[in-house]
Amino acid sequence: MTTPHNVVVIVGSLRKESFTLKIANALAKMAPDTLKLNVVTLHDLSFFNQDLEATPPADWLAFREKLQKSNAVLFVTPEYNRSIPGVLKNAIDVGSRPYGKSSFNGKPTGIVSNSPGPLGGVNAAKHLQNILPGISGQIMQQPEIYLTSVGDAFDDKGALVKEPLQKTLKQYVDAFAAFVEKQNK
Ligand SMILES: Cc1cc2nc3c(=O)[nH]c(=O)nc-3n(C[C@H](O)[C@H](O)[C@H](O)COP(=O)(O)O)c2cc1C
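Right, let's walk through the structure included here.

Rules behind the numbers
Residues numbered from 1 in each chain as written. Predicted model: local features only at pLDDT ≥ 70, side-chain atom pairs only at ≥ 80, totals over all residues. Heavy atoms only, no water. 1 Å grid on protein atoms, 1.4 Å probe; cavity = no way out; pocket = protein on both sides within 12 Å on 5 of 7 lines; lining within 4 Å. Points joined across faces, edges and corners; volume = space filled by probe spheres on them. Helix = DSSP H or I, 4+ residues; strand = E, 2+ residues; numbered from the N terminus. Nonpolar A, V, L, I, M, F, W, Y, C, P; charged D, E, K, R; others polar. Near = heavy atom within 4 Å. Polar contact = N/O pair within 3.5 Å; in protein donor to acceptor, adjacent residues only side chain to side chain. Areas by Shrake-Rupley, 256 points an atom, 1.4 Å probe, with all protein chains shown as cover. Expected span 1.5 Å × (residues − 1). Buried < 20%, exposed > 50% of the residue type's maximum accessible area, 1.4 Å probe, protein only. Arc of directions from axis to C-beta. Contact = heavy atoms within 4.5 Å. Phe/Tyr/Trp six-rings, centres within 6.5 Å; stacked < 30°, edge-to-face > 60°.

### Some details on the layout of surface pockets
Link 1 in the chain: Of the volumes computed, that of the largest pocket is approximately 160 Å³.
Link 2 in the chain: Around the largest pocket, the lining residues are Val40, Thr41, Leu42, His43, Asp44, Leu45, Asp59, Ala62, Phe63 and Lys66.
Link 3 in the chain: When residues in the lining of the largest pocket are grouped by element, the largest group, four residues, is from helix 2 (residues 58-69).
Link 4 in the chain: Here the lining of the largest pocket is built from residues that sort into five nonpolar, two polar and three charged.

### Observations regarding the site of the ligand
Link 1 in the chain: Taken together, Ser13, Arg15, Ser18, Phe19, Thr20, Pro78, Glu79, Tyr80, Asn81, Arg82, Ser115 and Pro116 make up the full set of residues near the ligand.
Link 2 in the chain: Here an oxygen atom of the ligand sits 2.6 Å away from a polar atom, N or O, in the side chain of serine 18.
Link 3 in the chain: At 2.9 Å, a backbone N or O of phenylalanine 19 approaches an oxygen atom of the ligand.
Link 4 in the chain: Here the ligand has 620 Å² of accessible area as a free molecule, and 70% of this is covered by the chains.
Link 5 in the chain: Residue composition of the shell around the ligand, grouped by class: four nonpolar, five polar and three charged.

### Details of helix 5 (residues 163-183)
Link 1 in the chain: The terminal C-alpha atoms of helix 5 lie 30 Å apart, and with 21 residues this matches the ideal 30 Å at 1.5 Å per residue to within 8%.
Link 2 in the chain: If you check which residues of helix 5 are buried, you get Leu165, Leu169, Tyr172, Val173, Phe176, Ala177, Phe179 and Val180. Axial view of helix 5: buried residues confined to an arc of 165°, hence all on one face. Of the exposed residues in helix 5, the ones pointing more than 90 degrees away from its buried face are Glu163, Pro164, Lys167, Gln171 and Lys182.
Link 3 in the chain: Those residues of helix 5 hidden inside the fold are in contact with strand 1 (5-11), helix 1 (19-30), strand 2 (35-40), strand 3 (72-77), strand 4 (109-114) and strand 5 (146-147).

### Thoughts on the packing of aromatic side chains
Link 1 in the chain: Enumeration according to the criterion identifies five aromatic pairs in this entry.
Link 2 in the chain: Note on phenylalanine 19 and phenylalanine 154: the rings are 6.3 Å apart at their centroids and 15° apart in plane angle, and the pair reads as stacked. Of the two residues, phenylalanine 19 is situated in helix 1 and phenylalanine 154 in the loop between strand 5 and helix 5; the sequence distance between them amounts to 135 residues.
Link 3 in the chain: Ring pairing ties together the aromatic residues Tyr172, Phe176 and Phe179, which thus form one cluster.

Interpretation in functional terms is not warranted from these geometric data alone.
The following block contains the structure:
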């Protein structure tokens, strides 16, 4: 078997019982053998501060290194106030620097938004599509995925039990695997 492509999965919520985190974990479980999903939360990433660019904190360097060593990046995010959560924007700012040396550069990129509400976090996904192109690799365009009504999708152990959502996520992660394969050729 060939070595799987490493994917950094960036989780846009810090909440302990986060649906976003549960979705990221579900994707990691159902990914095909060609992908290895490494779910990364942002609890330990300090605020970006341009004054520190000459002597970056260890947590920034560790985060950037994770990205640099990966073959792809997958953003899994909720929507906060019709955009992405601040912690996720901070991670993008940290990863995008130093200027011209973004650690996201060239990495095939996927975007998965979700909400317990009816709009699936589509605005968060669209905002990511706006801000990433200058600092990332190619963003997968199809299939689009905005997961609605995720509030009743998990059991009390955090396992994904909603069948239509299982099917949607599986289709997405398989398509992403094919996209990553193609981009890494
Ligand atoms: C500050 C804040 C703003 C929010 N804004 C939105 C929003 O614009 N659209 C939406 O669908 N849900 C919004 N929500 C509800 C979140 O979708 C919900 O809290 C969700 O569970 C957060 O994701 P998580 O479960 O991964 O933590 C907001 C929640 C918070 C705390």
